[in-house]
Structure formats: structure tokens, C-alpha cells
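Topology and contacts: notes
Chain by chain, the residues run as shown.
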Amino acid sequence: MQFKEFNICNILDHAAHYHGHVSVVSSCVEGGVKRTNYLEVYSRTKKLANALNSFLGVQHGDRIGTMAWNTSNHLECWYAIGGVGAICHTINPRLFSDQIDFIVNHAEDRYIFVDLSFVPLVVDLLDRLKTLEAVIVLTDRDNMPDCSELDVPFYCYEEILSAHSEHFQWPVFDETVASSLCYTSGTTGDPKGVIYTHRSNMIHALTSIQPEVFNLNSDHTFLMVVPMFHANSWGLAFSLPMVGAKMVLPGAGLDGESIARLIQSEECTASAAVPTVWTGLLDYLDRTSQLIPTLTETVIGGSAVPSTMIDRFENDYGVDVIHAWGMTEMSPLGTVNRKQKYWDALSKGEQLRVKCKQGRAPFGIQMKIVDDSGSMLPRDGNASGRLFVKGHWVIDQYYKAKESALDSNGWFDTGDIATIDPNGVMEITDRFKDVIKSGGEWISSIEVENAALIHASVSAAACIGVAHEKWEERPLLIIVSSKDGEQSRNGILKLLGDKLAKWQIPDDIIFVENLPMTATGKVDKKVLRSEFGDHYLST
Ligand code: AMP
């Protein structure tokens, strides 16, 4: 058989030739909606590739940053930068500014492509970004801000594109060459860079389109909410063009109302996002009595999906929830929980219980759970231990790190604690650093949170372990409630009593206005621990 190097640009070649007139719709930062298609995206990507080579002098292996929402412009940057053999570094604008300047300097980005909304952020950081030669603003001349007084040039994206030819031959290079770079935003220590290669992205995309995984095809109108600046956009920027699905890109509009409007106006059939986005959508729909009849399913991951969210989506709006788990280090796909035949024999309640689990690994990912001594634990659905993974799209080494990210047998420690049941369905019980150990017994913070979220007045919940004189650590529940907290305290405690063993029930509940969130949409438990860490000692 022939050997042909994988190159991500072959995906766009294919989309242009076989799905050229399929729409790519973006909500624009400048206002309004931009409608284009795969053929036009392809031609503009080639213009950008010419500009990268001849105008910006980009060399093989250079790191080029993007700080942008999900739009067709951003899509063009992903493909053109990777296609010329450079590395597209997606910068998460929600990181603290110290973290942004750390990652841009660590990656040694030569250029950054920015959306208008992030120009002030980049301008503020300019004198700290040591390797930056120019900024390209992803807009047209009419909307271009005046940056003429600044120390580095700010170019207009549309002007650059119109000055370059749409004829470009993608260079051929080794498929293990890097195409993209994404930093993890660990809550401790400096962010760490994860390099994706043309090969890993391609195999990840080929896997994720499968029926057992994201089940993608050209019938779909897919609302791609997961940001292109976090966890490789779950590979959707590659898998959707691969199958010719219509792409709907929400730009900066991630609130419930904007998401609802896009689903309704574009008749979206499927989507993918983290739970906080869906809470916003469901609350908006409930408040306004609107429906989203075209949406048939959505993939949810990034944090555990509470059973109440699955229930609301399925019963109130007819949307199937597909729970998924992964991490930046895994490109990010680890497991997907799609219906299996044996579910037919389960009661509704039992099905809901299985749907709350994170799912099964697709072909290409191996998983194991181990105890503290490193011995493999049984797949019985009860034993819980540290989750290790291996696979074609799993990290080998962090960017510029001196050591491997793997143990001596080639396994990557995910830092998650999980069970795996006899059907191979994995369930995350906690992050290793978040587990609560009370009097020698483990308590799953996710289990406590999911139980609390069943109460009608609880809109968000976080359970943390805090120091306790007698038990070493006891769970403390922190809740955002739609009612006056004290009014619902007894009701919540009663519900927890029905769902959890007595020793798992938090000794106290604290009601707050909001929970602190990380740049990737997860509850920042480090902040909660530092605020409430001595709650039981002081009371
Ligand atoms: P990130 O690299 O920012 O995507 O974070 C990866 C981490 O998010 C994982 O190691 C898990 O701790 C957590 N995570 C991702 N998906 C889920 C999920 N479905 N349920 C629970 N935790 C999740």
C-alpha cells in the first residue's frame, strides 16, 4: 500500500472538493453573522498560507499565536498555520494576564492573530511579549482600530488576504511534525504546553467522526460551542469539515440567549460544550418558554454532567445528552458515553445512572485504574483508583520539557480518580487533588455535588474537603441557590440524607452568590479551599 503523510490541510482539501457549498456560519465580533462555505474558507486559507510565507516570513516550526473566538477566520488560521509547517498556538484569553505573557514567551510566538475584542488585552501586554513581531487583527479596514502609535505593527487580516493569491501547494513533510500547541491551565504551577501533530490530529478526527463516538456526518448542522482556544476544540475544527457537516460558530456569544438564537435560526441538530454553557441555555429556555426542536443531541464534557442536566435536556427539550471525558493532554478525547444495546434492559432510573458516567474509550485509547502501589484494579464498577491512559493521541512529553510525561511503561497519569465497570464504562469520581478523605474513608466530591444539584433551588454546587479536628477532613458544601439559602438548607440536607451514606453528608452548607471559575470553565476549588479551608476549625 502507498504511504501518504497525514497533513491537516488534506481535510480542508476534501471539504472543498466534496462539500464545497456546505455553509460555515459565524457570529461576528463586529456584529451580525458571516455566511461562507468550505470552498471559500479553503481559498482564503491558501491566501493566508501565501501571506504567512511571503509577507510574514514564517518558517517551518515557528509558533504563531491566535487569540480568537470560534469563527471562520479563526478556522482559516488553524489550517494555514499548520499547513505551511508552522505551529498554531491557541491562546486562552480567559487566562490571567501573567499566564498569557508566560505562555506567549514560553512558546516564543512570532505573531498573534487576534479578534477585535482582544486587541486591548494584547495592547496591555505588548511590552512583556518578548518575541512578538506583529499582531494581525482578524477584521476588515473599516473596523480596524488605530494602533499606529504602538511599538509593533498591527496588520489588517482582510487586507493581507486580499493582497495574496489563492494558489498554494501545501508542502509535504513528516506527519509527526507539530501542527498546533495548547497550554493546560493547571491551577497550580505554570501552564504546560501540549503539542499536537498532523498525525495525532488526523487520527483523533478519524476516530471522533465514528458512530460510536461523535457520530458526525454531512446531515448535521453542528453548533461548535467548545472554544478553539481550549483543548483543541475537542477536535471538531478537524472532524466537522472532514465529514462536510454545516458548521455554526458562535463567536463571542456564549450566553444562553445567543446560543438559543443560533440553534433556532440555523436549525442546529447537534452541539458540544461544557456544562456551564448548557446551564445558561437551559435557564434561558425555561425563563422564556422557548424550544429548540431541531437539536437532537449534544456532547457534554469538561466537568461532570449532573443527572439533573441530562433529565432537563431529555425530558423538557427532547435532546439526547452524550457525556464525554477527556483532557488537553489527550487531544482531548478519552471516553464517550453513547447508548449500548444492554441499556434497553435497564429501567429509566438505571439508564440515567449509566448516562452520568463518563463512558467508554474508543478504539485507539487504552485505560487502566491502579491503587496507591501501582497495582491494576478490577473493572468491577466499585474499585476506584488513579486513571492512566495510553493512545495514538495522548501526550508523550510537554512542550520544551526535559522529561517524558509518561511512566516507565508508557502510561500517562491523568490525575483523575475513576472506576471502570464490567461493560468498560468509566466514571470519574474526582480529581486526585480534590478527593476528600474523612476518617480514612474516601468521599467523592462529584457524587455529593450531583446529589445537591437535584434540589430545585440549587443552581451550582461545589464540595471540598476541609480540615477537621477529629476526622482530619470533612466535606463542606458550597452552593449557589436561587432562593434565600437558609430557606432551602433543611430541604437540601434531607435530600442529601436520601442520596448519600450518613458519613458522606457534608457537615455544613455555605451559600454564595457565585462559584469561582477557572479559565476553562471548571469550578476553581483551590480558591474555595483557601477561602473556607478552616471553616470547621473556626466553628
Ligand atoms: P482540560 O485539560 O482543561 O480539558 O481538563 C481536563 C480535566 O477535566 C480532566 O482531567 C477531568 O478532571 C476534567 N473533566 C473533563 N471531562 C470531564 C467529565 N466529563 N467529567 C468529570 N471531569 C471531567
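To be clear, the structure that these remarks concern was listed above.
Below is a short write-up of the structure. Every value quoted in this text rests on a predicted model; they were computed, and no experiment measured them.

A few words now on the overall build of the chain. If you tally the helices and strands in the chain, you get 16 helices and 24 strands. Relative to its length of 539 residues, the chain is compact, with a C-alpha radius of gyration of 23 Å against a globular reference of 24 Å. Once the C-alpha set of the chain is aligned to its principal axes, its extents read approximately 70 × 55 × 50 Å. Taking all 539 residues of the chain together, the buried fraction comes to 58%. Within the structure as shown, the chain displays about 22,600 Å² of accessible surface, and the carbon and sulfur contribution to it stands at 49%. Seen as two clouds, the 46 positive and the 68 negative side-chain charges of the chain have centres 5 Å apart.

Moving on to the pattern of salt bridges. The final tally for this structure, using the stated rule, is 27 salt bridges. For E175, the salt bridge goes to R199, with nearest N and O atoms at 3.4 Å. Separated by 24 residues along the polypeptide, E175 in the loop between α6 (157-162) and β8 (178-184) and R199 in helix α7 (residues 198-208) bring together distant segments of the chain. Counted as one network, the salt bridges with shared partners bring together R35, K246 and E266.

For the pair helix α1 (residues 9-18) and helix α8 (residues 236-243), the least separation of the axes is 8 Å and the interaxial angle reads 35°. In this structure, α1 crosses over α8, and the sense of that crossing is left-handed. Residue-level inspection shows I11, L12, H14 and A15 of α1 in contact with α8, the latter providing F238, P241 and M242. Each residue belonging to the contact of α1 with α8 can be placed in one class, and the counts come to six nonpolar, one polar and no charged.

Attention now goes to the packing of aromatic side chains. Evaluated as defined, the whole model comprises eight aromatic pairs. Aromatic pair F55 and Y155: ring centres 5.0 Å apart, planes at 65°, arrangement edge-to-face. Within this pair, whereas F55 is found in helix α2 (residues 38-55), its partner Y155 is found in strand β7 (residues 154-156), the two being separated by 100 residues in sequence. Exposure remark for F55: the relative accessible area of 41% places this residue in the partly exposed category. A ring pair is formed by W69 and F118, whose centres lie 5.1 Å apart and whose planes are at 35°; its orientation type is tilted. Here W69 is found in the loop between β3 (63-67) and α3 (72-83), whereas its partner F118 is found in the loop between β5 (111-114) and α5 (119-125), with 49 residues between them in sequence.

This paragraph deals with the sheet that holds strand β23 (residues 472-481). Ordered by their spatial adjacency, three strands build an open sheet running β22-β23-β24, and the pairing between neighbours is mixed. The two strands at the open ends of the sheet, each matched to only one other strand, are β22 (458-468) and β24 (508-512). Averaged over all neighbouring strand pairs, the angle between strand axes comes to 30°, with direction disregarded. Summarising the sheet, β23 and β24 pair through five bridges and their orientation is parallel. For V480, the partnering residue across the bridge sits in β24 and is V512.

Another point: the site of the ligand. Within the structure, the ligand sits among 16 residues, and A324, T328, Q358, D416 and R431 are positioned closest to it. A distance of 2.7 Å separates a nitrogen atom of the ligand from a polar atom in the backbone of A324. Protein contact buries 91% of the 500 Å² of open area that the ligand shows by itself. Top contributing element to the shell around the ligand by residue count: strand β14 (residues 320-326), with four residues. For the shell around the ligand, the per-class residue count stands at four nonpolar, nine polar and three charged.

What follows is about empty space enclosed by the protein. Empty space among the atoms becomes visible once a probe the size of a water molecule is rolled across them. Summed over all chains, the structure comprises one cavity of 30 Å³ or more. If you add up the space inside the largest cavity, you get close to 60 Å³. In terms of lining residues, the largest cavity is bounded by T90, N92, L95, I103, C182, Y183, S185, F229, H230, A231 and T520. Grouping the amino acids of the lining of the largest cavity by side-chain chemistry returns six nonpolar, five polar and no charged.

To continue, consider the layout of surface pockets. Volume-wise, the second largest pocket comes out at about 1,000 Å³. Along the wall of the second largest pocket there are 42 residues; nearest its centre are E427, I428, T429, S444 and E447. Secondary-structure elements contributing two or more residues to the lining of the second largest pocket are α12 (348-355), β16 (365-370), β17 (385-391), β18 (412-420), β19 (426-431), β21 (441-443) and α13 (445-453). Its residues assigned to classes, the lining of the second largest pocket shows 18 nonpolar, 13 polar and eleven charged.

Of the residues making up α1, those classed as buried are C9, I11, L12, D13, A15 and A16. On the buried face of α1, the contacting elements are α2, α3, α7 and α8.

Locating G364 in the fold gives a position in the loop between α12 and β16. We classify G364 as buried; its relative accessible area is 15%. Residues G364 and G334, 30 residues apart in the sequence, show an inter-C-alpha distance of 9.5 Å. With near-sequence residues (within four places) excluded, G364 lies in contact with K390, G391, H392 and W393.

Conventions we followed
- Residues numbered from 1 in each chain as written.
- Predicted model: local features only at pLDDT ≥ 70, side-chain atom pairs only at ≥ 80, totals over all residues.
- Heavy atoms only, no water.
- Helix = DSSP H or I, 4+ residues; strand = E, 2+ residues; numbered from the N terminus.
- Rg over C-alpha atoms; globule rule 2.2 N^0.38 Å.
- Buried < 20%, exposed > 50% of the residue type's maximum accessible area, 1.4 Å probe, protein only.
- Areas by Shrake-Rupley, 256 points an atom, 1.4 Å probe, with all protein chains shown as cover.
- Lys, Arg positive; Asp, Glu negative; His and termini not counted.
- Charge placed at Lys NZ, Arg CZ, Asp CG, Glu CD.
- Salt bridge = Lys/Arg side-chain N within 4 Å of Asp/Glu carboxyl O.
- Axes fitted to C-alpha atoms, helices over the stretch in contact; angles between N-to-C directions.
- Left-handed = near helix turned anticlockwise from the far one by under 90°.
- Contact = heavy atoms within 4.5 Å.
- Nonpolar A, V, L, I, M, F, W, Y, C, P; charged D, E, K, R; others polar.
- Phe/Tyr/Trp six-rings, centres within 6.5 Å; stacked < 30°, edge-to-face > 60°.
- Pairing = 2+ DSSP bridges.
- Near = heavy atom within 4 Å.
- Polar contact = N/O pair within 3.5 Å; in protein donor to acceptor, adjacent residues only side chain to side chain.
- 1 Å grid on protein atoms, 1.4 Å probe; cavity = no way out; pocket = protein on both sides within 12 Å on 5 of 7 lines; lining within 4 Å.
- Points joined across faces, edges and corners; volume = space filled by probe spheres on them.

These figures capture arrangement, not role.
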